[in-house]
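Fold and contact review
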Amino acid sequence: MLNDLVLSSLRKKMNAAEGLEALVRALILALLMAIGACPWAHAQSTAEAIAQYRAMLQDGNPAELFVDKGELLWNEPRGPLNASLKACDLGLGPGVLEGAWVQLPRYFKDTQRVQDLESRLLTCMQTLQGLDAQSIAQTPFGVGEQINVSALAAFVSSKSQGMAFQLPQAHVEERRFYEMGKRLFYTRAGPYDFSCSTCHSQSGKRIRLQDLPNLTTQEGAVAGFGAWPAYRVSNGQMWSMQQRLNDCFRQQRFPYPVFASDATIALGVFMGVNAKGGQAVAPALKR
Ligand code: HEC
């Protein structure tokens, strides 16, 4: 039923054939430029070519399909309690979506925890719908309810598009999480002695084709933190920030963090506070 609705909205929202064709064309162009096979390649840097390819895809960002799916999931009565998420409080009051995401992670009185979007969604799924938050947290990405969490995250973030990040730092726990996130960001360990900052605290760095945003600056934090959840063209998946971070823990050769753990939320606070004042673009389109 849900799939049917998503499919019909797919047909409506974008002409699939056209979208795919543009995608293939843009990919080929970006690749040709990257390897220097185009006559005009030298007039354009790889980063510019990728920016152009993103711009070409902007009209048909498949993230929109997940936004639609997330909206259905938000409004649909589900779970053992057969309730919707319409009364979920994401920080600005029950059911208030506009602007909620640009103030997350933040401290919540009812759970007495600093929570990011995904962990807060789990809280609402448990308290309102009777779903088991812990078992969802233990479900691998891209499976079962985790797919729904990503779609819900895409929907919620879309309601803050264009708004400025303003994570609250008034509560002592919010300030503690910022400091904790900062420490984690600079902690070097593992077989390569990497920290997040090894790859993400200098501007203009790149690994292969990917620009690595400097997450310690506002511009970099907006580009890196402010764009997720995002649709990843390379694997055709919608990724939440939790999944993005998980993959960076892998790149860092660290053990995978627990879904919605304090460590990942603290890193979110660090990046989100650094992004203060910058404009949210999520859900974005990424390589
Ligand atoms: C070994 C290098 C490396 C380390 C260490 C690393 N990352 Fe990354 N990170 C990357 C790469 C490469 C990408 C881009 C991946 C892509 O485009 O597919 C990325 C992407 C990101 C993004 C999204 C950026 C964007 O422009 O969308 C964020 C946020 C991020 N990393 C945070 C972190 C955090 C937090 C840590 C520490 C826990 C970390 N990374 C550790 C290499 C690293």
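Owing to the predicted nature of the structure, the values given are computational and were not obtained by experimental measurement. (Residues numbered from 1 in each chain as written. Predicted model: local features only at pLDDT ≥ 70, side-chain atom pairs only at ≥ 80, totals over all residues.)

**As for the site of the ligand**
Near the ligand you find 23 residues, and of these Cys196, Cys199, Gly224, Cys248 and Gln252 are the closest. Of all the secondary-structure elements, those providing two or more residues to the shell around the ligand are α9 (196-200), β4 (210-212), α10 (218-224) and α11 (241-251). Here the shell around the ligand gets five residues from one element, more than from any other, and that element is α11. (Near = placed C-beta within 6 Å. Helix = DSSP H or I, 4+ residues; strand = E, 2+ residues; numbered from the N terminus.)

**Quick notes on the packing of helix α8 (residues 172-186) against helix α12 (residues 262-274)**
Taken N-terminus to C-terminus, the directions of α8 and α12 make an angle of 95°; their axes are 7 Å apart at the nearest point. Relative to α12, the element α8 is oriented roughly perpendicular. For the pair formed by α8 and α12, the contact residues are Glu174, Phe177, Tyr178, Met180, Gly181, Lys182, Leu184 and Phe185 on the first element and Ala263, Ile265, Ala266, Leu267, Val269, Phe270 and Val273 on the second. Residue composition of the contact of α8 with α12, by class: twelve nonpolar, one polar and two charged. (Axes fitted to C-alpha atoms, helices over the stretch in contact; angles between N-to-C directions. Parallel < 35°, antiparallel > 145°, perpendicular 65-115°, else oblique. Contact = placed C-beta atoms within 7 Å. Nonpolar A, V, L, I, M, F, W, Y, C, P; charged D, E, K, R; others polar.)

**What to know about the confidence of the model for the protein chain**
On average, the protein chain scores 86 in pLDDT, and the residues at 70 or more come to 83%. Scored below 50 in pLDDT, residues 1-20 makes 15 contacts in the model with residues more than four places away or belonging to other chains. Low pLDDT (under 50) marks residues 36-42, which in the prediction has six contacts with non-local residues, meaning those over four places away or in another chain. (pLDDT = per-residue confidence, 0-100.)

**What to know about the environment of Met271**
Inspection of the secondary structure puts Met271 in helix α12. Spatially, the C-alpha atoms of Met271 and Leu215 are 6.3 Å apart, while their sequence positions differ by 56 residues. Look past the residues within four positions of Met271 in its chain and what remains in contact with it is Leu215, Ala221, Gly224 and Phe225.

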